[in-house]
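# Close look at the chain arrangement
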Amino acid sequence: MTPSITRNVSLKAYNSFGIDVYAAMMTSVSSVQELKAVLSDETISNLPKLILGGGSNILFTADYPGLVILNNIKGITAKNIGQGDYLVTAGSGENWHQFVQHTVSMGWGGLENLSLIPGTVGAAPIQNIGAYGVEVKDVIHNVEAVSLKDGSIVTFSAADCHFGYRDSIFKRAAKGQFVITAVTFILTEHPILHTGYGAIEDELKKNHITQPSIADISKAVINIRSSKLPDPKNLGNAGSFFKNPEIDEHQFLSLKSEHPGIIAYPSGTPGQMKLAAGWLIEQCGWKGKQIGQVGMHAQQALVLVNYGGATGRALLNHAELVRNSVHDKFGVMLEMEVNIL
């Protein structure tokens, strides 16, 4: 049975920027069967389709002319594969943070550094989300998806996903061709803890924790993120709007000679350095600066904010001003992490 379709629906409640645009049509799916039914419906087969999860990585600049499919595919299962390791599968519509908290409560390590990242499980592999020294690719076992072309179910191994920094096959060769329906992670009761990145160690010391558990790390990350990042329920945003740019060591050394305080670290790619985009933006005077109803957040310069009533076009224009300013000062062009529609 094909789920019902509603016409001319406001998307304001379905995107974390709170942009009030409209979708020509909207439906909601809560199972793979319902999704396949929608995709096979000949009356809407020629319409453009947008899969929407948490709406936390998208900036709408205009009404959407096609069908928005709300992803409510839920469910979590776990399989013990021995030696304290588990294959944990989550439906793509599960709330990411709630899923991470579930794994932490079960004692399954691997995702604790990724606490409080907005969005759904299905969005995690698309972006290869990462924080505090961990990327989700480190623990993904496979990704299950439905082909938009023929409705077949395809399983991508971690290698098949071609993960990169905030990147995957789903943003490149397979973009717009699949709907992710489930993600399987390999988690463990004996994790290697990652506490050396950012302010985690300081947060643990502040709470007199010398032998942290995954729950301690998760709580530390939540505290840090809460202190720096605005809650989208109170202030429209999509988290980090720009990627940290990668440049070669030659260019880095040249920049460092001009700007001794520049913040950078090895990118993981030989001969490449990753710059802190927030630092670059702050040096250009954008941190906390508000123009109309738009600005970069006062606590984290990477976060583009809708202070209320801003259009998607106004937000995008502001982001372009920031990009151009950074390029003029440092010769580095920032890449937007958020999808623009």
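Structural notes, computed from the coordinates. (Residues numbered from 1 in each chain as written. Predicted model: local features only at pLDDT ≥ 70, side-chain atom pairs only at ≥ 80, totals over all residues. Heavy atoms only, no water.)

## Side note on the nonpolar core
Counting 47 residues, the largest nonpolar core has F17, V68, F241, F242 and I281 as the members making the most contacts within it. Counting residues per element, this core draws most heavily on helix α8 (residues 312–330), at six residues. Apart from residues lying up to four places away in sequence, V68 is in contact with L11, A23, M25, M26, T27, L50 and L52. The next biggest cluster of nonpolar side chains, apart from the first, holds 39 residues, and it includes Y86, I129, F163 and V221. (Core = buried A, V, L, I, M, F, W, Y, C linked by side-chain atoms within 4.5 Å. Buried < 20%, exposed > 50% of the residue type's maximum accessible area, 1.4 Å probe, protein only. Helix = DSSP H or I, 4+ residues; strand = E, 2+ residues; numbered from the N terminus. Contact = heavy atoms within 4.5 Å.)

## Some points on the sheet that holds strand β11 (residues 153–157)
Strand order in this open sheet of five strands is β6-β7-β12-β10-β11, and the pairing throughout is antiparallel. Unpaired on one side and paired on the other, β6 (76–82) and β11 mark the two borders of the sheet. Across this sheet, the average inter-strand angle for adjacent strands is 20 degrees, counted without regard to direction. Relative to strand β12 (residues 178–188), strand β7 (residues 85–91) runs antiparallel, the two sharing seven bridges. Looking at the pairing, L87 lines up with I186 of β12. Across the sheet, helix α1 (residues 32–39) is in contact with β10 (140–147), β11 and β12; its angle to β10 comes to roughly 35 degrees. Packing against the sheet, helix α2 (residues 96–105) makes contact with β6, β7 and β12, and its axis sits at approximately 25 degrees to β12. (Pairing = 2+ DSSP bridges. Axes fitted to C-alpha atoms, helices over the stretch in contact; angles between N-to-C directions.)

## Digging into the pairing of strand β19 (residues 303–306)
The alternating pattern of β19 places V303 and V305 and L304 and N306 on opposite faces, both of which are buried. The sheet contact formed by strand β13 (residues 236–240) and β19 spans three bridges and is antiparallel. In the sheet register, G236 faces β19, and the bridge partner there is N306. Bridge analysis of strand β18 (residues 294–296) against β19 gives three bridges, and the strand direction is antiparallel. Bridge pairing in β19 places M296 opposite L304. Between the antiparallel neighbours β18 and β19 lie six residues.

## Considerations on the environment of W108
As for its placement among the helices and strands, W108 is situated in the loop between α2 and α3 (123–127). Relative accessible area serves as the criterion here: at 6%, W108 is assigned to the buried category. Setting aside residues no more than four positions away along its own chain, W108 makes contact with A78, Y86, V88, H102, T103, L187, T188, E189 and I214.

## A look at unusual backbone geometry
For residues other than glycine, phi is negative in most cases, and the peptide bonds are mostly trans. Residue L116 is not a glycine yet carries a positive backbone phi of 65 degrees. A positive phi angle is found at N128, which is not glycine, with a value near 45 degrees. Within the secondary structure layout, N128 lies in the loop between α3 and β8 (130–131).

## Looking at the pattern of salt bridges
Within this structure, the stated rule accounts for nine salt bridges. Among the salt bridges present, the one from R166 reaches E135, with a minimum N-O distance of 3.9 Å. Residue R166 is found in the loop between β11 and β12, and its partner E135 is found in strand β9 (residues 134–135); the two are separated by 31 residues along the sequence. Exposure class is identical for R166 and E135. Each is buried. (Salt bridge = Lys/Arg side-chain N within 4 Å of Asp/Glu carboxyl O.)

## What about the environment of V294?
Mapped onto the fold, V294 is located in strand β18. Among the residues examined, V294 registers a relative accessible area of 4% and is labelled buried. C-alpha separation for the pair V294 and A319, spaced 25 residues apart in sequence, amounts to 9.5 Å. Residues within four places of V294 in sequence aside, it is in contact with K289, L304, V305, Y307, A310, A314, L315 and H318.

## Some points on α1
All buried positions along α1 are accounted for by V32, L35, A37, V38 and L39. Buried residues belonging to α1 abut β2 (22–29), β3 (49–52), β5 (64–71), β10, β11 and β12.

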